[in-house]
Amino acid sequence: MRSVAGAGVVVTGGGSGIGAALSRRFAAEGARVVVNDLDPGAAEAVAASCGGPQPAVAVPADAAREEGVAALISAARAELGEIDLFCANAGVARAGGADAAEADWAASWQVNVMAHVRAARLLLGPWLDRGSGHLICTVSAAGLLTMPGSAPYSVTKHAALAFAEWLAVSYAHRGLTVQAICPLGVRTPMLDGSGPRAEALLGDAAIAPEAVADAVIEAVADGRFLILPHPEVAGMYAGRAADTGRWLEGMSRVQQRLEQLG
Ligand SMILES: NC(=O)c1ccc[n+]([C@@H]2O[C@H](COP(=O)([O-])OP(=O)(O)OC[C@H]3O[C@@H](n4cnc5c(N)ncnc54)[C@H](O)[C@@H]3O)[C@@H](O)[C@H]2O)c1
């Protein structure tokens, strides 16, 4: 798929932030959009705000739990026919280290990783049968680098990237396109609720969710795996790979600066 015009698209976590911007932009480009969110009112409001030639439809569901993913995909298929593009965008950012509560670790695994696995499990059969399908996972630069202050987020975003890479390796030759969006800060309720250290780390370079949607539309046209709305992340990722020890030392200095904020 080089353009979303006419495509049947599902966006999870579409009731806010990046998912809302993606939903509106896809609709404006002529896609038939299903807006999913855990929050039914948010999904309805974003669906109603989508312009474009085709009205968007809200399908509230828990896009992480197995029954919720099944309900979402079956409602989306009833609405769209086969799904052409699935955006596994819903995510949660829970703070803490090894001491983070079991519930926060579990929620991070469920929403940031298993949601993608469960969606892929249901999408792959029909996609491989027809020889085409497109999955875009909203990961994070934390999946390429790390996120000081949040071990559950860093670890599960690395896992989400690993799963997206695995899918790309396994199925590119069978017609699947898999892409991973890896931004630094994006001005959404998630960033606004992440506390003063996240704001100090990411606030200055934070971009609008609409800028992420711009980067996605550009990347859909060329199919590149990594979608980097902050282009500087490519250099950071290369630096981490080329000299991991040096990169860790630099990140330790960042951590120490953040600790001075209290
Ligand atoms: N904001 C940032 O700085 C930033 C940076 C990099 C990556 N991301 C990633 O972008 C994605 C979207 O984040 P955002 O900043 O737009 O956050 P947000 O909090 O504004 O929106 C997330 C939406 O997902 C929904 N959601 C959460 N769990 C869900 C579930 N189980 N099923 C369905 N919907 C669910 C929420 O109700 C919310 O409407 C996340 O995966 C996040 O990790 C965000």
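Here is a short report on the structure shown in this document. (Residues numbered from 1 in each chain as written. Predicted model: local features only at pLDDT ≥ 70, side-chain atom pairs only at ≥ 80, totals over all residues. Heavy atoms only, no water.)

Our focus in this paragraph is the environment of Gln 179. Within the secondary structure, Gln 179 sits in strand 6 (residues 176-181). Sequence separation of Gln 179 and Cys 87 is 92 residues, and the distance between their C-alpha atoms is 9.4 Å. Once residues within four sequence positions are removed from consideration, Gln 179 is found in contact with His 134, Leu 135, Ile 136, Cys 137, Ala 219, Val 220, Gly 223, Arg 224, Phe 225 and Ile 227. (Helix = DSSP H or I, 4+ residues; strand = E, 2+ residues; numbered from the N terminus. Contact = heavy atoms within 4.5 Å.)

This next bit is on empty space enclosed by the protein. Tallying each qualifying case throughout the model produces one cavity of 30 Å³ or more. Its boundaries defined by the atoms lining it, the largest cavity holds a volume of some 60 Å³. Around the largest cavity sit Thr 12, Ala 63, Val 69, Leu 72, Phe 86, Ala 88, Asn 89, Ala 90, Val 111, Ala 115, His 116 and Ala 119, which together line it. Contributions of two or more residues to the lining of the largest cavity are made by helix 3 (66-80), strand 4 (85-88) and helix 4 (102-130). Here the lining of the largest cavity takes four residues from helix 4, the largest share from any one element. Counted by class, the lining of the largest cavity contains nine nonpolar, three polar and no charged residues. (1 Å grid on protein atoms, 1.4 Å probe; cavity = no way out; pocket = protein on both sides within 12 Å on 5 of 7 lines; lining within 4 Å. Points joined across faces, edges and corners; volume = space filled by probe spheres on them. Nonpolar A, V, L, I, M, F, W, Y, C, P; charged D, E, K, R; others polar.)

With that settled, consider the sheet that holds strand 3 (residues 57-58). The sheet built from seven strands is open, its strands ordered 3-2-1-4-5-6-7 with parallel pairing. Either end of the sheet is taken by a strand with one partner, and the two such strands are strand 3 and strand 7 (226-227). Here strand 5 (residues 133-138) pairs with strand 6 via six bridges, running parallel. Paired with Ile 136 across the two strands is Gln 179, which belongs to strand 6. Strand contacts of helix 5 (residues 151-171): strand 5, strand 6 and strand 7, with the helix running at about 160° to strand 6, the strand carrying the most contacts. (Pairing = 2+ DSSP bridges. Axes fitted to C-alpha atoms, helices over the stretch in contact; angles between N-to-C directions.)

Around the ligand sit 29 residues in total, of which Ser 16, Asp 37, Tyr 153, Val 186 and Thr 188 are the nearest. Take Asp 37: an N or O atom from its side chain is 2.6 Å from an oxygen atom of the ligand. Contact between the ligand and Lys 157: an oxygen atom at 2.9 Å from a side-chain N or O atom of the residue. Bound to the protein, the ligand loses 90% of the 830 Å² it would expose on its own. Here the residues of the shell around the ligand sort into 15 nonpolar, eleven polar and three charged. (Near = heavy atom within 4 Å. Polar contact = N/O pair within 3.5 Å; in protein donor to acceptor, adjacent residues only side chain to side chain. Areas by Shrake-Rupley, 256 points an atom, 1.4 Å probe, with all protein chains shown as cover.)

Now for helix 2 (residues 40-49). Regarding helix 2, the residues found buried are Ala 42, Ala 43, Val 46 and Ala 47. For helix 2, the buried positions fall inside an angular range of 130° around the axis, keeping them on one side. Structurally, helix 2 contributes buried residues whose contacts are with helix 1 (17-28), strand 2 (32-35) and strand 3. Two or three places before Gly 41, at the start of helix 2, stands the capping residue Asp 39, its side-chain oxygen 3.0 Å from that residue's backbone nitrogen. (Buried < 20%, exposed > 50% of the residue type's maximum accessible area, 1.4 Å probe, protein only. Arc of directions from axis to C-beta.)

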